[in-house]
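What the coordinates show
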Amino acid sequence: PGIRARGIQLAETERTRRFRPTPEEAEWFDTLHSAAYEEAGRLQLVAQARAQLIELAPRAIILDQANDVIQIGIGIVARRLGIKTCFRWATTLDDYQRSAFRERLKGFVYRGWDAYLAAGERAAAYLESVGIPESDIFLCGNPSDHRRTEQVLAETPSVERNNRFLFVGRFIPHKNLPRLLNAYRQYRHEGGDFGLDLAGYAVQEDELIRSSKDIPGIQFL
């Protein structure tokens with residue numbers, strides 16, 4: 001009660017994501033760039049975000065990706081405007097191979113924000129490993145809108161469950177889908193008969209379809 005929220009969407013779409021807001025959702029955020037995020041000028045987006053922050057005059061801002069140059073720029077602008085600046089953080093130490101030099105550099109870049117909203121305990125541990133004080137880290141989870149899920153389930157007739165595996169996510173390199181396909185190929189070779197559904201979208205789709213033609217039971221949704 002008493003807290004008002006407003007969203008700033010940097011761009012209408014991304015090459016690896018599809019986002020279609022409902023009319024109700026679209027009412028609570030502004031969009032800065034009408035095309036793909038990757039096509040927007042960095043300085044242009046930071047300048048547009050600065051104008052929005054001056055107009056909205058918020059007490060605090062939550063930025064979604066601490067490793068994104070544009071959002072770091074917006075964070076710097078926000079702090080200069082006297083706005084408390086928080087970053088959401090979902091990355092964990094073992095998501096990627098890490099180099100000691102880059103990790104030291106990250107500590108220098110990422111320290112100094114007002115708060116860090118970690119998606120889980122492992123994300124919080126990674127923040128601590130690059131020098132963020134525990135007192136500045138808050139566990140926030142990785143939220144979804146349970147009301148929409150409940151509505152869809154209520155409107156969906158119950159069906160007999162199929163014996164299938166399901167992947168839902170973007171078809172991009174760091175999701176490591178070739179490894180999933182190799183594991184599923186081995187599973188079928190050893191006599192497994194569950195199918196595999198892949199629901200997603202993005203740059204690797206055609207490549208994955210080609211590489212899985214010899215594996216029975218796969219369906220792209």
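Now for a quick tour of the structure. Every chain begins its residue count from 1, and numbering advances along the sequence as written. This being a predicted model, a pLDDT of at least 70 is required before a residue's local features are given, and a value of 80 or more before pairs of side-chain atoms are given or counted; all residues contribute to the totals for chains, interfaces and linings. As a rule here, side-chain values come from all non-hydrogen atoms in the structure, and water together with hydrogens is ignored.

Right, let's talk about the pattern of salt bridges for a bit. Definition used for salt bridges: Asp or Glu carboxyl oxygen within 4 Å of a side-chain nitrogen of Lys or Arg. Scanning the model with the defined rule gives eight salt bridges in all. Note that Asp64 is salt-bridged to Arg88, the shortest N-O span being 2.7 Å. You can see Asp64 sitting in the loop between β3 (60–63) and α3 (69–80) and its partner Arg88 sitting in strand β4 (residues 84–89), a full 24 residues away along the chain. Salt-bridge contacts for Arg79 lead to Asp114; the nearest nitrogen and oxygen are separated by 3.6 Å. Separated by 35 residues along the polypeptide, Arg79 in helix α3 and Asp114 in the loop between α4 (100–110) and β5 (115–118) bring together distant segments of the chain. Accessibility here uses a 1.4 Å probe with only protein chains present; expressed as a share of the type maximum, an area under 20% marks a residue as buried, one over 50% as exposed, and anything in between as partly exposed. Under the relative-accessibility criterion, Asp114 is labelled partly exposed at 25%. One connected set of salt bridges, linked through shared partners, spans Arg79, Lys84 and Asp114. Working definition: helices are DSSP H or I runs of at least four residues, strands are E runs of at least two. Numbering for both runs from the N terminus.

Turning to its location among the elements, Gly41 is positioned in the loop between β2 (29–36) and α2 (42–56). Residue classification places Gly41 among the partly exposed residues on the basis of a relative accessible area of 32%. On a C-alpha basis, the gap between Gly41 and Asp114 in space is 27 Å, while along the polypeptide they are 73 residues apart.

Geometrically, a pair of aromatic rings is defined through the distance of the ring centres and the angle of the planes. Pairing of aromatic rings covers Phe, Tyr and Trp, the last counted by its six-membered ring, and requires centre-to-centre distances within 6.5 Å; plane angles under 30 degrees mean stacked, over 60 mean edge-to-face, and any other angle means tilted. Applying the stated rule across the entire model yields nine aromatic pairs. Between Trp28 and Phe29, the aromatic rings sit 5.8 Å apart at their centres with planes inclined by 90 degrees, giving edge-to-face as the arrangement. For Trp28, a relative accessible area of 46% corresponds to the partly exposed category. Since its relative accessible area comes to 12%, Phe29 is described here as buried. Here the aromatic rings of Phe171 and Phe220 are separated by 6.0 Å at their centres, their planes lie at 90 degrees, and the arrangement is edge-to-face. With a gap of 49 residues between them, Phe171 in the loop between β7 (164–168) and α7 (177–189) and Phe220 in strand β9 (residues 218–220) connect regions that are remote in the sequence. The structure contains a cluster of three or more aromatic residues connected by ring pairs, namely Phe165, Tyr184, Tyr187 and Phe194.

Okay, the state of the cysteines next. Pairs of cysteine sulfur atoms within 2.5 Å are identified as disulfides in what follows. In the structure shown here, the tally under the stated rule is zero disulfides. Lacking any disulfide linkage, Cys86 is separated from the closest cysteine sulfur, that of Cys140, by 10 Å. With a relative accessible area of 13%, Cys86 lands in the buried category. Taking relative accessible area as the criterion, Cys140 reaches 36% and is therefore assigned partly exposed.

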